[in-house]
Structures are given as C-alpha cells and as structure tokens.
Amino acid sequence: MKIKNLILTLCMLACLPAWAKDPIRVLVVTGQNNHYWRQSTNILVGYLNQSDLFKADVAISPPEKGNMEIFKPKFSDYKAVVLDYNGDAWSDETKAAFLEYVKNGGGVVVYHAANNAFADWREFNEIIGLGGWGGRNENSGPYVYYKDGKLVRDESKGHGGSHGTFHSYKVKTIVKDHPITKGLPEIWTHAPDELYDRLRGPALNLTVLATAFSAKDTRGTDRDEPVLMTISWGKGRIFHTVLGHAGASLSNSAIECPGFIATFLRGTEWAATGKVTQKVPADFPKQ
Ligand code: ZN
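Analysis parameters
Residues numbered from 1 in each chain as written. Predicted model: local features only at pLDDT ≥ 70, side-chain atom pairs only at ≥ 80, totals over all residues. Heavy atoms only, no water. Helix = DSSP H or I, 4+ residues; strand = E, 2+ residues; numbered from the N terminus. Rg over C-alpha atoms; globule rule 2.2 N^0.38 Å. Buried < 20%, exposed > 50% of the residue type's maximum accessible area, 1.4 Å probe, protein only. Axes fitted to C-alpha atoms, helices over the stretch in contact; angles between N-to-C directions. Parallel < 35°, antiparallel > 145°, perpendicular 65-115°, else oblique. Left-handed = near helix turned anticlockwise from the far one by under 90°. Contact = heavy atoms within 4.5 Å. Nonpolar A, V, L, I, M, F, W, Y, C, P; charged D, E, K, R; others polar. Donors = N, O, S within 2.8 Å, 3.2 Å for Na, K, Ca; no water. Tetrahedral: all angles 85-135°; square planar, octahedral: opposite > 155°, others 65-115°.

*Asks:* Account for the overall build of the chain, with residues named and values stated.
*Replies:* Helices and strands together make up the secondary structure of the chain, namely six helices and 13 strands. The globule rule puts the C-alpha radius of gyration for 287 residues at 19 Å, and the 19 Å found for the chain is close to it. C-alpha extents for the chain along the principal axes are approximately 75 × 45 × 40 Å. By residue count, 53% of the 287 residues in the chain fall in the buried class.

*Asks:* Lay out the packing of helix H2 (residues 37-49) against helix H6 (residues 258-273) with the relevant residues and their values.
*Replies:* Packing of H2 against H6 leaves a shortest axis separation of 11 Å and a crossing angle of 65 degrees. Comparing the axis directions of H2 and H6 gives the class roughly perpendicular. Two packed elements cross with a definite hand, and for H2 against H6 that hand is right-handed. Residues Leu44, Tyr47 and Leu48 of H2 touch H6, and the partners they reach there are Phe260, Ile261, Phe264, Leu265 and Thr268. Here the residues of the contact of H2 with H6 sort into seven nonpolar, one polar and no charged.

*Asks:* If you had to explain the environment of Leu151 to someone new, which residues and values would you point to?
*Replies:* The topology assignment puts Leu151 in strand E6 (residues 150-154). Among residues more than four places away in sequence, those in contact with Leu151 are Val144, Tyr145, Tyr146 and Val208.

*Asks:* So what about the coordination of the zinc ion? Which residues, and what values?
*Replies:* Summarising the metal site, the zinc ion is bound by the protein donors His35 (NE2), His112 (NE2), Glu194 (OE) and His245 (ND1), whose distances to it range over 2.0 to 2.1 Å. Around the zinc ion sit four donor atoms; with metal-centred angles ranging over 87 to 156 degrees, the donor geometry is irregular. When the donors of the zinc ion are listed by position in the chain, the intervening gaps give H-x76-H-x81-E-x50-H. With His35 in the loop between strand E1 (24-30) and H2 and Glu194 in the loop between strand E9 (187-193) and strand E10 (196-197), this pair connects stretches of sequence that are 159 residues apart. Like His35, the residue Glu194 is buried in the burial classification.

Put into structure tokens, the structure is as follows:
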C-alpha cells in the first residue's frame, strides 16, 4: 500500500464513529405495562440506535397471564438492560439470571413505570432503589425526597407512589459533577409529564442526581421529588429516570422532550460503561 493511501485509510478509521466497530449492546425489556409499551419501546430503541453509540435489541414478554416460563432474555449478552416493563412476575430462572447479570456488573436503566413493577421482589427493589404503586407501603422502605435543600428519608407510614396533574416542571440538578449530569443546566424545564411522588423503597446505595418540585397546586407533595437517580448493586450500575410517560399518540410530550432524551441516553451509556462521552445537545431545554 502506498504511504498516502495508508495515511488515508488510518484517517478514515480514526474518523469513524465509535459504534462502527464496537457498539454498546443494549436490551430493552418490555411486553407488559400499564403504559403504551409498544410505542415507548419503539421510541426508546429509535433514540438508542440513532445515537451512534448503541445497538439495541428488544425482548418482548408474553402478554399478561401468559406463560412466563418461556420468557428468558439473555441479559448477559448486553452491557445495559433498559426496563420498560411493568407486569407479571418473571420466572425464578429469569429473576436469577437478572440478578446474576447485575451482580456481575451489568448496567440497568429503570424507565418511568418500570419502577412500579415487582413490589414484592426484594432484590429488584434494591436495584431500582425507589418504587411506587403495587401495594408499596412502609414495609417497602422510606420515602426519599428533598425538603428545604436536605435529603430526607421518611419512615412514616403510607402508600408508595402517586402523581399529580400532567404538567411541565423544572428539573433541578443536585449532583453537578456526575458523568450523567455534567454540563447540564442546573435547572431545566421538562415538557409536560407526570411527576412521580411519594416513591419509597430500600434506597440503599442511592444517589439522587436531580429533583423536581412537586407543587400543591398540581396536586403534589410540596417536596422536591427525585426524578433522576443512580444506584449501585453488586458490581452493577443502575440509572433510574422517572421521566418520560408514554401515552396515546397525541400525548407524548414527555418521552419526546430533548431533556428526557439526552438524560436517557447519557444514563444508558453510564450504566453500560461508567462513562459518558456524549455532548449535551444544542436543543437541551433551558430554564
Ligand atoms: Zn406514566
């Protein structure tokens, strides 16, 4: 090969996007949800595959009351598993495979109503940190929120998980130097969405990266509720976003918000690799 061609070839290799050789493999787990999971999964897979970083596959469970014994996603083939699932219990074999995957360093992204799932599965609740609904109460762990700038772990009795009216709200970055949040505006305006509140759970090894104020006038709690979190479990890294409600086709503002998209993609990369190489996009919402 002539030296000029060699230089050209090397340059072309160096200029190729990172995924051309080695995309980060991500599995989106879905198939049952109290949300429009076909739509949300399609949208999330689109974001991942268009991002130049990831290659996403989808594992679709049997429908509600179906034979869950046949649902055996190969978690260990992936660097990150995105949970868009809120439905029937997995088989013991699949539960064990998931825990083994996380214990060994697999990344997990908990997306919106995935934190409603499996209220009675102790290890799952340790992995998601906080959850809601499904009969969660004081036995599930404390409420976790910010009040007057301080992190509160509130052991009081009561139902876990609710939300007020659908509305646009401001997200406040609490941890500014985490790879997921580094470079994001300290306060940014999220498109109309549900704002989950009264989440409770084991909250072990949990870091609240960002909160949103849940105002009384939107039927909220008058507290700063966690909206972006990280958790560690075994060697696994978990990114938990409560954002991104997916409704009927005309009410997808939340999952289409550039703030949701960017934090979802950054959180997925971090869960998979421990790093974030993505720039904050120019269309990221401002205050
Ligand atoms: Zn929702």
